[in-house]
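Coordinate inspection notes
Each chain is listed here by its residues.
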Amino acid sequence: MLNISEVCFAQIEPKVALLRQIPDDEKGYELDLFCVPKHYEEDLDRVIIPHGLIMDRTERLARDIVRDMGGHHIVALCVLKGGYKFFSDLLDYIKALNQNCDKSVPLTVDFIRLKSYCNDQSTNSVKVIGGDELSTLTGKDIVETGRTMETLLSLLSECNPKMVKVVSLLVKRTPRSSGYRPDYMGFEVPDWFLVGYALDYNEYFRDLGHICILNEKAKVKYKV
Ligand code: IMP
Ligand code: MG
């Protein structure tokens, strides 16, 4: 296993992070335009980010990461559970670039589980489960207040990594934000509770490909 202190990212030029901002008045797409699992048909309001668009954006994030880090070893840390789909697809795109470009990024992977949510509300504690090898390129589902990520970053700093870069598919526009912004971001979303593509509501909806809005009935149906 590679030690974190061996990980080296040099010559990374600071760049203004580009991201797609989904506006507050975004209507999204009617469910009937796409395929959603039968067992969730009654639970969802609209599709906000279709699976294909997630994949296209992820492909570009992979290209930006390889451009910035080409030639250096990355220890990629997946933040479970919500980050597993994004992490897996992002790494697939990085692998495809590694096979087809002049620059390539050697990769090893690790996993950590963080838990902070109950129903659609953030709790005040961030629970860390697993992940004995804390590492450097951190793949995350969504940043809302930023508290989860700040907790993880302070844990990672105890391991003295040469550099830590955070990639999050989603960043929420919310007054509850601590101001924390990841290094790479896919989409900025309104202050809505979203599910799908591994984002859950009490463990449901991870098995939904698109990122969607739940209806109020579903919030009651799956409440704990
Ligand atoms: P933060 O600590 O407030 O940034 O919250 C981050 C964590 O809360 C994420 O990793 C998710 O697990 C969860 N979370 C925040 N917003 C949502 C959402 O809209 N849907 C599902 N989970 C969410
Ligand atoms: Mg969750």
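Keep in mind it's a predicted model, so treat the numbers as computed, not measured.

What follows is about the packing of aromatic side chains. Under the counting rule described, the total for this entry stands at 6 aromatic pairs. A centroid spacing of 5.5 Å and a plane angle of 75 degrees characterise the contact between Tyr29 and Phe34, whose relative ring orientation is edge-to-face. On the basis of relative accessibility, which here comes to 31%, the residue Tyr29 falls in the partly exposed class. By relative accessible area, Phe34 is classed as partly exposed at 29%. Taking 5.7 Å as the distance between ring centres and 65 degrees as the angle between the ring planes, the aromatic pair formed by Phe87 and Phe111 counts as edge-to-face. With Phe87 in helix 2 (residues 84–100) and Phe111 in strand 4 (residues 107–118), this pair connects stretches of sequence that are 24 residues apart.

For the rest of this paragraph, the subject is the nonpolar core. By size, the foremost hydrophobic cluster in this structure holds 32 residues, and its most contacted members are Ile49, Ile65, Leu90, Leu169, Leu170, Leu194 and Ile211. Broken down by secondary-structure element, the contributors of at least two residues to this core are strand 2 (44–49), helix 1 (51–69), strand 3 (74–80), helix 2, strand 7 (165–172), strand 8 (184–189) and strand 10 (211–214). Considering each element in turn, this core owes the most residues, 7 residues, to helix 1. If near-sequence neighbours (up to four positions away) are discounted, Ile211 is found in contact with Val47, Ile48, Ile49, Ile54, Leu169, Leu170, Leu194, Val195, Gly196 and Tyr197. Residues Leu208, Leu214, Ala218 and Tyr222 belong to the second largest nonpolar core, which totals 14 residues.

Time to look at the environment of Tyr222. Here Tyr222 lies in the segment after helix 4 (216–221). Between the C-alpha atom of Tyr222 and that of Asn202, which follows or precedes it by 20 residues, the distance is 6.9 Å. When neighbours within four sequence positions are excluded, Tyr222 is seen to be in contact with His39, Tyr40, Asp43, Tyr201, Asn202, Tyr204 and Phe205. In this structure the side chain of Tyr222 is engaged in a polar contact, spanning 3.4 Å, whose partner is the side chain of Lys221.

So, about the pairing of strand 10. Pairing analysis gives 4 bridges linking strand 2 to strand 10, with the strands arranged antiparallel. Paired with Arg46 across the two strands is Ile213, which belongs to strand 10. Here strand 9 (residues 194–195) pairs with strand 10 via 2 bridges, running antiparallel. When the sheet's bridge partners are listed, Leu194 is paired in strand 10 with Ile213.

Time to look at the environment of Val105. The topology assignment puts Val105 in the loop between helix 2 and strand 4. In this structure, the C-alpha to C-alpha distance between Val105 and Val66, residues 39 residues apart in sequence, is 6.5 Å. In this view, Val105 contacts Val66, Met69, Gly70, His72, Ile74 and Asn98; residues no more than four positions away in its chain are not counted.

Cut-off values and rules
Residues numbered from 1 in each chain as written. Chains lettered and ligands numbered in written order. Predicted model: local features only at pLDDT ≥ 70, side-chain atom pairs only at ≥ 80, totals over all residues. Heavy atoms only, no water. Phe/Tyr/Trp six-rings, centres within 6.5 Å; stacked < 30°, edge-to-face > 60°. Buried < 20%, exposed > 50% of the residue type's maximum accessible area, 1.4 Å probe, protein only. Helix = DSSP H or I, 4+ residues; strand = E, 2+ residues; numbered from the N terminus. Core = buried A, V, L, I, M, F, W, Y, C linked by side-chain atoms within 4.5 Å. Contact = heavy atoms within 4.5 Å. Polar contact = N/O pair within 3.5 Å; in protein donor to acceptor, adjacent residues only side chain to side chain. Pairing = 2+ DSSP bridges.

Geometric descriptors of this kind do not, in isolation, establish any biological role.
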